[in-house]
Amino acid sequence: MDLIRLLGWKRLVLIAVIVATISAPFLYSAIELARFERADARRATFVYASGQSLTPGVQVQRVGLAATLGRLGYTETRATPSSPGYFRRSGGSWDIYLRGSDDAGGGQLLRLQIADERITRITRAGQDVAGAMLEPEVLASATDRPGEDHKPIRLDETPRVLIDAVLAAEDHRFFEHGGVDFRALLRAAWANLRAGRVKEGGSTITQQLVKVRLLNPRRTFFRKLREAWLAALVESRYSKERILEAYLNEIYLGQ
């Protein structure tokens, strides 16, 4: 009876080991994909202040209007602004071509009449308006790089010539492989063997992105295996366009 009970426990332990062995890669993959997504979210998360309200009675000096416009990226010009993002100060008036939607007073040229450092009147296209709102300032970005002001870019806003240059330099077969370019690895191995040193890496764009987001910089065989596995995993989850956009933001253009 004791022998039967012992064999039963051994069978349970064996089953548990088999289940753990089979499920471990799936659990590891799920954890790493969650980390990858959190990194993506952190790079795109911003904390904004309330937009500065422009209404009659507001003191220009108190709200630091010129400094606020500068922080928002507006450019002061001597001529009347003709496109969003520009402003002009002339005597007792300010001309500001706001960005944003028409509902917030943006997208059109505003004229602020100033007297004794206070806004006395606001007009748009010659018509009086009750007020307008500047776009909100970024107070902080939830980035994992302290002190960095990260401004994400979209792939469809990136010049094609720049995308082509990045692909040519880093991974010209990006749209052909599944995360790991075995041809590039063989080519790099042969070049390194001939040079007698590490001359080429053979890592794809996806591998580079995974390395930056999820792995440590140490060069070990095990880390390289993890990098290849995770690159294939990311490729199975995300489109090529999203991976390339994340790469450009993470490594090339994010600032």
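Residues numbered from 1 in each chain as written. Predicted model: local features only at pLDDT ≥ 70, side-chain atom pairs only at ≥ 80, totals over all residues. Heavy atoms only, no water.

Colleague: Got a minute to help me understand the overall build of the chain in this structure?
Modeller: Of the regular secondary structure elements, the chain holds 8 helices and 10 strands. Counted over contacts in the chain with a minimum sequence separation of 6, partners at least 24 positions apart contribute 59%. Carbon and sulfur atoms make up 57% of the accessible area of the chain, which amounts to about 15900 Å² in all. (Helix = DSSP H or I, 4+ residues; strand = E, 2+ residues; numbered from the N terminus. Contact = heavy atoms within 4.5 Å. Areas by Shrake-Rupley, 256 points an atom, 1.4 Å probe, with all protein chains shown as cover.)

Colleague: Explanation requested: the packing of helix H6 (residues 205-214) against helix H7 (residues 221-237) in the structure shown.
Modeller: The packing of two helices is summarised by the inter-axis angle and the distance between the axes. At a minimum axis separation of 9 Å, H6 and H7 run at an interaxial angle of 110°. Classified by the angle between their axes, H6 and H7 sit roughly perpendicular to one another. When you trace H6 past H7, the crossing you get is right-handed. Contacts between H6 and H7 pair Thr206, Gln207, Val210, Lys211 and Leu214 from the former with Arg223, Lys224, Glu227, Ala228, Leu230, Ala231, Val234 and Glu235 from the latter. Of the residues contributing to the contact of H6 with H7, the split by class is 6 nonpolar, 2 polar and 5 charged. (Axes fitted to C-alpha atoms, helices over the stretch in contact; angles between N-to-C directions. Parallel < 35°, antiparallel > 145°, perpendicular 65-115°, else oblique. Left-handed = near helix turned anticlockwise from the far one by under 90°. Nonpolar A, V, L, I, M, F, W, Y, C, P; charged D, E, K, R; others polar.)

Colleague: How should the confidence of the model for the chain be read in this particular structure?
Modeller: Taken residue by residue, the chain gives an average pLDDT of 75. The fraction at 70 or more is 64%. Confidence scores differ between elements of the chain, with strand S1 (residues 46-48) showing the lowest mean pLDDT of 52 and strand S5 (residues 93-97) the highest of 91. The low-confidence segment residues 101-106 (pLDDT under 50) makes 13 contacts with residues lying over four places distant or belonging to another chain. (pLDDT = per-residue confidence, 0-100.)

Colleague: Looking at this structure, I do not really get the packing of aromatic side chains. What am I missing?
Modeller: According to the stated counting rule, one finds 2 aromatic pairs in the structure shown. Residues Phe87 and Trp94 carry aromatic rings whose centres are separated by 6.0 Å and whose planes lie at 10° to one another, so their mutual orientation is stacked. Here Phe87 and Trp94 have matching classes, each one buried. Ring geometry for Phe174 against Phe175: centres 5.0 Å apart, planes inclined by 80°, an arrangement best described as edge-to-face. The class of Phe174 is buried, set by a relative accessible area of 0%. Above the ring of Phe174, the side-chain terminus of Lys240 is found at 4.4 Å from the ring centroid. (Phe/Tyr/Trp six-rings, centres within 6.5 Å; stacked < 30°, edge-to-face > 60°. Buried < 20%, exposed > 50% of the residue type's maximum accessible area, 1.4 Å probe, protein only. Lys NZ or Arg CZ within 6 Å of the ring centre and 35° of its normal.)

Colleague: Looking at this structure, I do not really get the pairing of strand S6 (residues 109-115). What am I missing?
Modeller: Put simply, side chains in a regular strand alternate between the two faces of the sheet. Of the two faces of S6, only one is covered, namely that formed by Leu110, Leu112 and Ile114; the face formed by Leu109, Arg111, Gln113 and Ala115 stays uncovered. Sheet analysis places S5 next to S6, joined by 5 bridges and oriented antiparallel. Across the sheet, Asp95 pairs through a bridge with Arg111, a residue of S6. Where S6 lies against strand S7 (residues 118-124), 6 bridges are found, and the strand directions are antiparallel. Looking at S7, one finds that Leu112 is bridged to Ile122. In textbook terms, the turn of a hairpin is the stretch between consecutive antiparallel strands, and for S6 and S7 this stretch comprises 2 residues, one of which, Asp116, has a positive phi near 55°. (Pairing = 2+ DSSP bridges.)

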